[in-house]
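If you want the building blocks of each chain, they are given just below.
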Amino acid sequence: MKIVLVLYDDPVTGYPKTYARDTIPKLEVYPDGQKLPNPKRIDFKPGELLGSVSGALGLKKFLKELEHTLIVTSDKDGPDSVFEKELVDADVVISQPFWPAYLTKERLAKAKNLKLAITAGIGSDHVDLQAAIAKGITVAEVTFCNSISVAEYIVLMILSLVKDYIPSYNWVVKKGWNIADCVQRSYDLEGMDVGSVAAGHIGLAVLRRLKPFGVKLHYTERHRLSEKVEKELGLTYHENLESMVRVCDVITINCPLHAETEHLFNDRLISQMKRGSYIVNTARGKICDAEAIARALKSGQLAGYAGDVWFPQPAPKDHPWREMPHDGMTPHVSGTSLSAQARYAAGVREILECFFEKKPIRTEYLIVDQGKLAGIGVHSYVAGDTTGGSERAIQFKK
Ligand code: NAD
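Undergrad: Provide a residue-level description of the sheet that holds strand β5 (residues 138–141), including the pertinent values.
TA: A sheet is described by the order of its strands in space; here seven strands give the open sequence β2-β1-β3-β4-β5-β13-β14, paired in mixed fashion. Each edge of the open sheet carries a strand with a single partner, namely β2 (69–73) and β14 (372–373). For strand β3 (residues 92–95) and strand β4 (residues 116–119), the ladder comprises four bridges, and the chain directions are parallel. In the strand pairing of β4, Val93 is matched with Ala117. Against the sheet, helix α13 (residues 338–356) makes contact with β1 (2–6), β3, β4 and β5, and its axis sits at roughly 165° relative to β4, the strand it touches most.

Undergrad: So what's going on with helix α12 (residues 290–299)? Residues and values would help.
TA: For α12, every residue scored as buried is listed here: Ala290, Ala292, Ile293, Ala294, Ala296 and Leu297. Summarising the contacts, the buried residues of α12 are in contact with α11 (267–271), β10 (277–281) and β11 (302–307). Between a side-chain oxygen at the N-terminus of α12 and the backbone nitrogen of Glu291 the separation is 3.1 Å; the capping residue is Asp289. The first or second residue beyond α12 is Gly300, which carries a positive phi of 95°.

Undergrad: Break down the nonpolar core for me, with residues and values.
TA: One finds Leu57, Ile94 and Leu352 to be the most contacted residues of the largest nonpolar core, which totals 98 residues. Residue contributions to this core peak at 11 residues, all from α13. Beyond its immediate stretch of four places on either side in the chain, Leu352 contacts Leu59, Phe62, Leu63, Val92, Ile94 and Ile118.

Reading the values: rules and limits
- Residues numbered from 1 in each chain as written.
- Predicted model: local features only at pLDDT ≥ 70, side-chain atom pairs only at ≥ 80, totals over all residues.
- Heavy atoms only, no water.
- Pairing = 2+ DSSP bridges.
- Helix = DSSP H or I, 4+ residues; strand = E, 2+ residues; numbered from the N terminus.
- Contact = heavy atoms within 4.5 Å.
- Axes fitted to C-alpha atoms, helices over the stretch in contact; angles between N-to-C directions.
- Buried < 20%, exposed > 50% of the residue type's maximum accessible area, 1.4 Å probe, protein only.
- Polar contact = N/O pair within 3.5 Å; in protein donor to acceptor, adjacent residues only side chain to side chain.
- Core = buried A, V, L, I, M, F, W, Y, C linked by side-chain atoms within 4.5 Å.

Honestly, it's all geometry; don't read function into it.
Now the structure itself:
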C-alpha cells in the first residue's frame, strides 16, 4: 500500500541531536479512564521530535518491514506540491492539524485509491467530511492524545492575556524597567467570569484547572455535563452562546470546527460581549471571523485575543492576526509538545496496525466510517465541509 505522510519541516537548526530533558512522564490512562494508544510496538523513544519530516512519526521501520511505500513530505499546498502529486494513488493519508494536508472535495476526487485519512492529533476539519462520507473514506483521529496539552496551554494564555505578560517580557528584552507601561493593562484573574464554548475533553480539563483560581465558571455544550460535575466545579450552564458571552470576562473556545461553528465569533456576537473581554481560541481559527477579531481589538471591544490556531495554515504573511494589537498568538503548537507527539505517534501506529490487519479501529477514534459520521464524530461534529479557502495556505510561501 502507499502511505503519504505530510509533516511540518525540521527545525531550521537541523533535526535535534540532543533534548532538553532525558525522559517524559509515563501516563497509564487518560483522566476519563480511556486507554492510551497501545500499538504492538513502537520504534521511537518517547520525547523525541516525531512530528517533523525526519521524525516521520516513528513509522519508517514499521512500514518498511511490511513492504509498504512511504512518502514523507512537508510540501502540501498548491497543484504542484508533492502532496497533490502523490495523492492520486495513495491508500492512506496522514497529517497533523498543525500543518494540515487539506483534503478538499477536489483533492478527494483525485485520490482514487484513498481509503483512510488519519489525523495525527485531534480535529479533522481539514478533511471535507461531507465528501469523505460520500466516497466511503474512513476519517480517524487520536482522540484525547493532546487534549491535556492544550488545556495547559489555554490556562497559560488566559493568564498571559489578563496579566499582559508578553509586553512586560518585551520591556526586559528592550533593556527597560518600565513598570507603569507594563501594568497599565494588567489585571488579576481572581473573581472574573470565565466561560468555555464546549466541555469535551479539552473544555472540561480547562474548567477543572481554572477552578482553584477563584473564578466563576460558565459553559455551553451540545451535551450537558452531569449534575455531579456541574456541582463539583460550580458551573453555570448556558442554553446558548449569546447568554454566556454577555456575562463573561474571558471566553475559551473548545468546540471543533464544523459546519455549525464556522465564523461563530463574528461582529454580531463580539458586540454582545462585555467591553474589554478576552478570547482564547486554541480550537480552530475559522471558528472566528479573522477581520472581526482584529477590528474588536483595535476598537477596544476586546482587551485581548490569544490562540495558536489560524486559517488557513500556515497563515499567510499578511494574515490580520500577525499585526493586530493586544494579541498573544503563536503558530499552531499547543497540541504538539514532545509529550503529545509520543502519544499521537503511538495512536497513528495503532490505527495503521488495525487497518492493515483488517481489525476494527477503536470507536472513539472514528470521525467518519462506512459512509456516515461515526464514534466521536457523531458526538462532536456535524456533517459538512469547512475546507473552503484552504488553497490560500500556499500564500505563506510567497
Ligand atoms: P471533544 O470531541 O472531546 O470535545 C468537543 C466538544 O465540543 C464535544 O463535547 C461536543 O459536544 C462539543 N460541541 C460541538 N459542537 C458544539 C457547539 N456548536 N456548541 C457547543 N459545544 C459543541 O474534543 P477535544 O479533545 O475537547 O478537542 C476540541 C477541539 O479542540 C478539537 O476538535 C480541535 O479542533 C481542537 N484541538 C486543538 C488542538 C491544538 O493543538 N490547538 C489540539 C487538540 C484539539
